[in-house]
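Examination of the molecular architecture
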Amino acid sequence: MHTGPFSCPPPSLHANKTLRRRQDSNRGDWPWFKEQTCILRTVISRGACYAASAVGYLTGRPGVCLVVSGPGLIHALGGMANANMNCWPLIVIGGSSDRNQEIMGAFQEFPQVEACRLYSKFSVRPSSLEAIPAVIEKAVRCSTYGRPGACYVDMPGDFVNLQVNKSSVKYVKCCLPPPVCTAEHSAVSVAASILAHSRQPLLIIGKGAAYSRAENSIRKLVDQCGLPFLPTPMGKGVVPDNHPNCVAAARSRALQHADVIILFGARLNWILHFGLPPRFRPDVKIIQVDICAEELGNNVRPAANLLGDINAVTEQLLEQLVLMEWKYPSYSEWWKGLREKMKINEETSQALAFKKSLPMNYYTVFHHVRELLPRDCILVSEGANTMDIGRTMLPNYYPRHRLDAGTFGAMGVGLGFAIAAAMVAKDQTPKRRVVCIEGDSAFGFSGMEVETICRYNLSVVIIVVNNNGIYSGLDADTWKEMLKSGEPTACAPPVCLLPNSHYEQIMSAFGGKGYFVKTPEELQNALKASLAEKQVSSLINIMINPQSDRKQQDFHWLTRSNM
Ligand code: ADP
């Protein structure tokens, strides 16, 4: 568990310094990569890899994760897969056994380059020491150009002691920033015309839009054309959740009845129910905007393909729509229906949030958390109901301020992401708070990273919403009763965790502040104190009703019917 993986924030974290150095230097070498000043050592390589991938998403430059051979690399595979699935830039550098011991059963020998191929865009071992700069340049380029993703570079142990003549090393400069491509003009005209003829239009804003930093152009499009929009979980905040055109509270209705959808950087995968009935109209016209040509047409044949960078393509669309002087009428039946549905749904959530009974339910917890959260905090969230209900109850006002289980639905990402967010915030916006909201089960996947947080004096507020289990658990009395019928290994339901576990003590064990809370008042006091504390991290362990659940949904959360 304590073998030595390291993760380094990327060049972007030190962009100003790096740029200056590049300009000062006539040597043509690669200070952009080798002069890393900040190295984080996490407890396990999985956490390091998740952290490095989140740095990539937040900064647009690849985070770097350095791991030891064999098991170290294998633990990082989850992080690589997650980065690749999320389309986030990441570079993993793995030590590996000496080349002259290959196939002899060397210490931690494993076919690492081959293993990483499934989890990355590019996986390679440099052919020699001299080739390393060119390989690293290619890894940086591959991780950020086109659809971003993970890259792996293998470094055999014998490279460490090898010597080469410096003059034989071919230093290369860092690649140029990713080229910005625009869509075909004819396709933009087609898209604008389809939109202008729509009766029930909808914009879907995905995390690709957040990654491409398209917030200003998309905001302009929403305002100028009066269009309803729906963010995906990590697309939240590209346009603020409190914008009057946000129809997140009527998500199912909006998806089900929209006749034209512009898809900005979101795939029609399970998160968007594959774009198929019963969740979508069978005749829905999709205008798909994506940087990845192969993505266009997945599951639904688009009415228009806009291949290019979202920010650039949105500007193109805006130009065209301005020429057409088109605006969607705010008095339409579509708007009326969406507003009515939003009102009903918001009232149902509010009724649950205002419940006074103890133990609290999810909605009450998030209602009180929402009241106190700073608007610009970075929210990290994972868990089942904790993440899903939290997403609907906790607004995002800024882009790239939400990190969660993502496309891969990965649990265990939370604390690595929180570490990354705290590092990036410390470097770029020191006053910004990082709040990590975890289900108790999700916290268990990477809880020991609390030590990393405390070791690096990072200020993170961790909230564990504790229902004693996965989806649901048992209260302490029922648990005791159950034990009368036999051994826990034989009779405890597999979804149950130990009731009333004191997760907050993990934080106090490492010098942070821990709170065990059961009532709204205790929760408010603990959160106020935690947010007031700028130097020390805290963990608030909130006991909720183990049977607390989501409000009634129109559809099962994964649509399996009609497939
Ligand atoms: P979400 O989880 O929010 O639904 P996805 O991860 O499914 O979003 O989709 C993100 C999409 O954004 C990917 O298909 C990716 O190719 C695309 N993408 C990433 N960066 C850009 C960019 N700069 N311009 C256009 N598309 C992008």
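The sections below set out a description of the structure shown in this document. Since we're looking at a predicted model, the values are computed, not measured.

Below, the discussion takes up the sheet that holds strand β6 (residues 201–205). Taking strand neighbours across the sheet as the criterion, the five strands line up as β7-β6-β8-β9-β10 in an open arrangement whose pairing is parallel. The open sheet has two edge strands with one neighbour each: β7 (229–231) and β10 (304–307). In this sheet, neighbouring strand axes are inclined to one another by 15 degrees on average, regardless of whether the strands run parallel or antiparallel. Packed onto the sheet, helix α9 (residues 215–225) meets β6, β7 and β8 (260–264) and runs at close to 165 degrees relative to β6.

For the rest of this paragraph, the subject is the environment of Ser508. You can see Ser508 is positioned in helix α20 (residues 504–509). Exposure remark for Ser508: the relative accessible area of 39% places this residue in the partly exposed category. Sequence separation between Ser508 and Cys454 is 54 residues, and the spatial gap between their C-alpha atoms is 9.8 Å.

With the rule as written, the count across this model stands at five aromatic pairs. With a centroid separation of 4.7 Å and an interplanar angle of 15 degrees, the aromatic rings of Tyr57 and Trp88 are classed as stacked. One end of the pair, Tyr57, is in helix α3 (residues 45–59); the other, Trp88, is in the loop between α4 (71–86) and β3 (90–96), with 31 residues separating them in the sequence. Overall, the relative accessible area of 1% leaves Trp88 in the buried class.

Let us look at the pattern of salt bridges. Under the definition given, this model contains 17 salt bridges. Between Glu215 and Arg400 there is a salt bridge, and its shortest N-O distance comes to 2.9 Å. A residue pair is termed long-range when its members are at least 10 positions apart, and Glu215 in helix α9 and Arg400 in the loop between α14 (385–393) and β12 (402–404) qualify at 185 residues. Comparing Glu215 with Arg400 shows no difference in burial state: the two are buried. Salt-bridge contacts for Arg550 lead to Asp388; the nearest nitrogen and oxygen are separated by 3.8 Å. On the criterion of sequence distance, the pair formed by Arg550 in the segment after β18 (538–543) and Asp388 in helix α14 is long-range, its members being 162 residues apart. Looking at Arg550, the relative accessible area reads 25%, which means it is partly exposed. For Asp388, a relative accessible area of 14% puts it in the buried group. Each of Glu102, Arg125 and Asp154 takes part in salt bridges that share partners, so that together they form one network.

This next bit is on α14. Of all nine residues in α14, seven are buried, a share of seventy percent or more. Turning to α14, its buried residues number three or more, namely Asn385, Thr386, Met387, Asp388, Ile389, Gly390 and Met393. Buried residues along α14 sit against α12 (333–353), α13 (362–372), β11 (378–382), β12, β13 (434–439) and β14 (460–466).

The omega angle of the peptide bond from Pro277 to Pro278 is 10 degrees, so this bond is cis rather than trans. Position of Pro278 relative to the elements: it lies in the loop between β8 and β9 (285–290). At the junction of Leu358 and Pro359, the peptide bond is cis and its omega measures out at -10 degrees in the coordinates. With respect to the helices and strands, Pro359 occurs in the loop between α12 and α13. Despite not being glycine, Asn457 shows a phi value in the positive range, around 50 degrees.

Our next topic: the state of the cysteines. Under the definition given, this model contains zero disulfides. Cys49 takes part in no disulfide bond, and the closest cysteine sulfur to it belongs to Cys65, at a distance of 4.2 Å. Take Cys49: its relative accessible area is 0%, and that puts it in the buried class. No disulfide involves Cys454; its sulfur sits 13 Å from that of Cys436, the nearest cysteine. A relative accessible area of 16% places Cys454 in the buried class.

Attention shifts here to the site of the ligand. Lining the immediate surroundings of the ligand are 21 residues, of which Arg147, Lys207, Thr232, Arg267 and Asp290 lie closest. One of the side-chain nitrogen or oxygen atoms of Lys207 is found 2.6 Å away from an oxygen atom of the ligand. Here Gly265 contributes a backbone N or O atom positioned 3.4 Å from an oxygen atom of the ligand. Relative to its unbound accessible surface of 580 Å², the ligand loses 97% to contact with the protein. At three residues, the largest contribution of residues to the shell around the ligand is made by helix α8 (residues 207–211). Considering only residue class, the shell around the ligand consists of seven nonpolar, eight polar and six charged.

Turning our eyes to something else, we now look at the pairing of strand β2 (residues 63–67). With four of five residues buried, β2 lies mostly within the body of the structure. In the sheet, β2 pairs with β3 via five bridges, with the strands oriented parallel. Its bridge partner being in β3, Cys65 is matched across the sheet by Val92. A crossover links β2 with its parallel partner β3, the connecting element being α4, and its sense is right-handed.

Reading the values: the criteria
Residues numbered from 1 in each chain as written. Predicted model: local features only at pLDDT ≥ 70, side-chain atom pairs only at ≥ 80, totals over all residues. Heavy atoms only, no water. Pairing = 2+ DSSP bridges. Helix = DSSP H or I, 4+ residues; strand = E, 2+ residues; numbered from the N terminus. Axes fitted to C-alpha atoms, helices over the stretch in contact; angles between N-to-C directions. Contact = heavy atoms within 4.5 Å. Buried < 20%, exposed > 50% of the residue type's maximum accessible area, 1.4 Å probe, protein only. Phe/Tyr/Trp six-rings, centres within 6.5 Å; stacked < 30°, edge-to-face > 60°. Salt bridge = Lys/Arg side-chain N within 4 Å of Asp/Glu carboxyl O. Disulfide = S-S within 2.5 Å. Near = heavy atom within 4 Å. Polar contact = N/O pair within 3.5 Å; in protein donor to acceptor, adjacent residues only side chain to side chain. Areas by Shrake-Rupley, 256 points an atom, 1.4 Å probe, with all protein chains shown as cover. Nonpolar A, V, L, I, M, F, W, Y, C, P; charged D, E, K, R; others polar. Right-handed = clockwise from strand over helix to strand, strands pointing away.

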